[in-house]
Amino acid sequence: MVDENSTGIWVIGEEKEGKLAPVTLELLTIGRQLADSLRQELVVVIIGHQLEHMSRLLVDYGPDKILLVAGEETRYFIPETYSEVLSALVEQRKPFAILFPATYDGRDVAARLAAKLGVGLAADCTDLKIDEAGRFVQVRPAFGGNLMAVIHQPTARPQLATLRPRMVKPNKSGRKVSPSVEYIKPRISAKPFTKSLLRTVREVAEESGNLDEAEVVIGVGRGIGSSENMRIVNHLATLLKAAIGGSRGVVDAGWLPHTQQIGLTGRVISPKMYMALGISGAVQHLVGVRTAKEIIAINKDPEAPIFKVATFGIVADMFSVIPLLAKELEPPAPQTT
Ligand SMILES: Cc1cc2nc3c(=O)[nH]c(=O)nc-3n(C[C@H](O)[C@H](O)[C@H](O)COP(=O)(O)OP(=O)(O)OC[C@H]3O[C@@H](n4cnc5c(N)ncnc54)[C@H](O)[C@@H]3O)c2cc1C
């Protein structure tokens, strides 16, 4: 039975060691659009330890309400604890839809919450919107990215979805209304959990630069031909202060590690400039660069699909273009007297 009283779009934010994950602001941006279309309130929930400074970071992105669940019990991320806290809140307040980031933590908690509530979960969405009929629809790639599935959960309340990071640019809402802020003590059942945290391991940036943060990214495709040819790309990347990623083609060939794969089964990036070298532009690759501001493509095939999405395209052999680019970018040699 659909509970017609369920209302409110909830965004479950992510916080680590006092820092707000940028994906929270992306979710708030899309959440604001959904809430406005449905004329419902937008609520952001952050679970953690000391969260006093959080509302200041969230306020510009348009929430009507900020729920800060803070306590010793939620100091560390333990998915059983987080999902229990959320389940109690949801049972009590009955939101219409809940949006999670499709991160390791977000996916874990969303799946547990869906199971606890007995509702479905549209996982790994690339878009969330309200259709002409006023329904909340969730869009995600299916069948290896060859189809975009449009999912609608008419009988589920709340409707749960995870959204991939970097699918939307975070946008300040420009609203003048101040959100209400509510502090909540986590309520955890007495039963002992099956897991306890022994230590935390910090993720280190890859040698070739941090793909997630880089303003300029060079994407290398199978057109590079061999791992030896990566040398000229590395040189160009140094001159452009760019991080290097690549297509699944180069990862499968063993020329780049999987951590540097861009696309459906790799990373989603959002640089100011993405330079695609010898990449055909398969749909599975393009999912990973959808929010890149400018795409520059170099490919010797004028029919390559990458040119359909490129801001600037160069139809040429990359091995003749890259040295010319590098020459332009190299600092002038010091004058000798
Ligand atoms: C379930 C599934 C998931 C997938 N996930 C991903 C993913 O996450 N990321 C991803 O990238 N792919 C993914 N793929 C694979 C994807 O479909 C493509 O096969 C892959 O992206 C192709 O890589 P590519 O563009 O490097 O190679 P190709 O398609 O072989 O293209 C090479 C390009 O290089 C050009 N070229 C060759 N030599 C030169 C030269 N000297 N100068 C300039 N241009 C040159 C050619 O004209 C060609 O366009 C997935 C596929 C499936 C089925």
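Look above for the structure.
Parameters at a glance
- Residues numbered from 1 in each chain as written.
- Predicted model: local features only at pLDDT ≥ 70, side-chain atom pairs only at ≥ 80, totals over all residues.
- Heavy atoms only, no water.
- Near = heavy atom within 4 Å.
- Polar contact = N/O pair within 3.5 Å; in protein donor to acceptor, adjacent residues only side chain to side chain.
- Areas by Shrake-Rupley, 256 points an atom, 1.4 Å probe, with all protein chains shown as cover.
- Helix = DSSP H or I, 4+ residues; strand = E, 2+ residues; numbered from the N terminus.
- Nonpolar A, V, L, I, M, F, W, Y, C, P; charged D, E, K, R; others polar.
- Core = buried A, V, L, I, M, F, W, Y, C linked by side-chain atoms within 4.5 Å.
- Buried < 20%, exposed > 50% of the residue type's maximum accessible area, 1.4 Å probe, protein only.
- Contact = heavy atoms within 4.5 Å.
- Axes fitted to C-alpha atoms, helices over the stretch in contact; angles between N-to-C directions.
- Parallel < 35°, antiparallel > 145°, perpendicular 65-115°, else oblique.
- Left-handed = near helix turned anticlockwise from the far one by under 90°.

Student: Go over the site of the ligand, please, and point to the residues and values.
Tutor: Around the ligand, the surrounding shell holds 26 residues, and the nearest of these are Arg222, Ser247, Thr265, Ser280 and Asn299. A distance of 2.5 Å separates an oxygen atom of the ligand from a polar atom in the side chain of Ser247. Contact distances for the ligand include 2.8 Å between an oxygen atom and a side-chain N or O atom of Gln261. Protein contacts shield 77% of the accessible area of the ligand, which totals 1,000 Å² for the unbound molecule. When residues of the shell around the ligand are traced back to their parent elements, those giving at least two are helix H6 (248-252), helix H7 (283-286) and helix H9 (318-329). Of the residues that constitute the shell around the ligand, the class distribution is seven nonpolar, 14 polar and five charged.

Student: Tell me about the nonpolar core, and name the residues and values.
Tutor: Ranked by internal contacts, the top residues of the largest apolar core, which has 32 residues, are Ile9, Leu28, Ile46, Leu58, Leu99 and Leu128. Breaking this core down by element, the ones donating at least two residues are strand E1 (9-12), helix H1 (23-38), strand E4 (42-48), helix H2 (54-58), strand E5 (65-70), strand E6 (97-101), strand E7 (121-125) and strand E11 (159-163). Ranked by residue count, the leading element in this core is H1, at seven residues. Here Ile9 is in contact with Gly31, Leu34, Ala35, Leu38, Gln40, Glu41, Leu42, Val43, Phe96, Ala97 and Leu99, once residues within four sequence places are set aside. Judged by nonpolar contacts, the second largest core, of 23 residues, contains Ile12, Tyr82, Val119 and Ile184.

Student: Give a detailed account of the packing of helix H5 (residues 230-240) against H9, specifying residues and quantitative values.
Tutor: Taken N-terminus to C-terminus, the directions of H5 and H9 make an angle of 30°; their axes are 10 Å apart at the nearest point. With respect to their mutual orientation, H5 and H9 come out roughly parallel. Note on packing geometry: the crossing formed by H5 with H9 is left-handed. Residue-level contacts link Ile232, His235, Leu236, Leu239 and Leu240 of H5 to Phe319, Ile322, Leu325, Ala326 and Leu329 of H9. Classifying every residue of the contact of H5 with H9 by side-chain character gives nine nonpolar, one polar and no charged.

Student: I'd love a proper account of unusual backbone geometry, names of residues and values included.
Tutor: Pro158 follows Arg157 through a cis peptide bond whose omega is -5°. Inspection of the secondary structure assignment puts Pro158 in the loop between strand E10 (147-152) and E11. A positive phi angle, close to 55°, is found at Lys94, a residue other than glycine. Structurally, Lys94 can be placed in the loop between helix H3 (79-93) and E6. Not every positive phi belongs to a glycine, and Lys241 is a case in point at roughly 55°. Its relative accessible area of 73% is what places Lys241 among the exposed residues.

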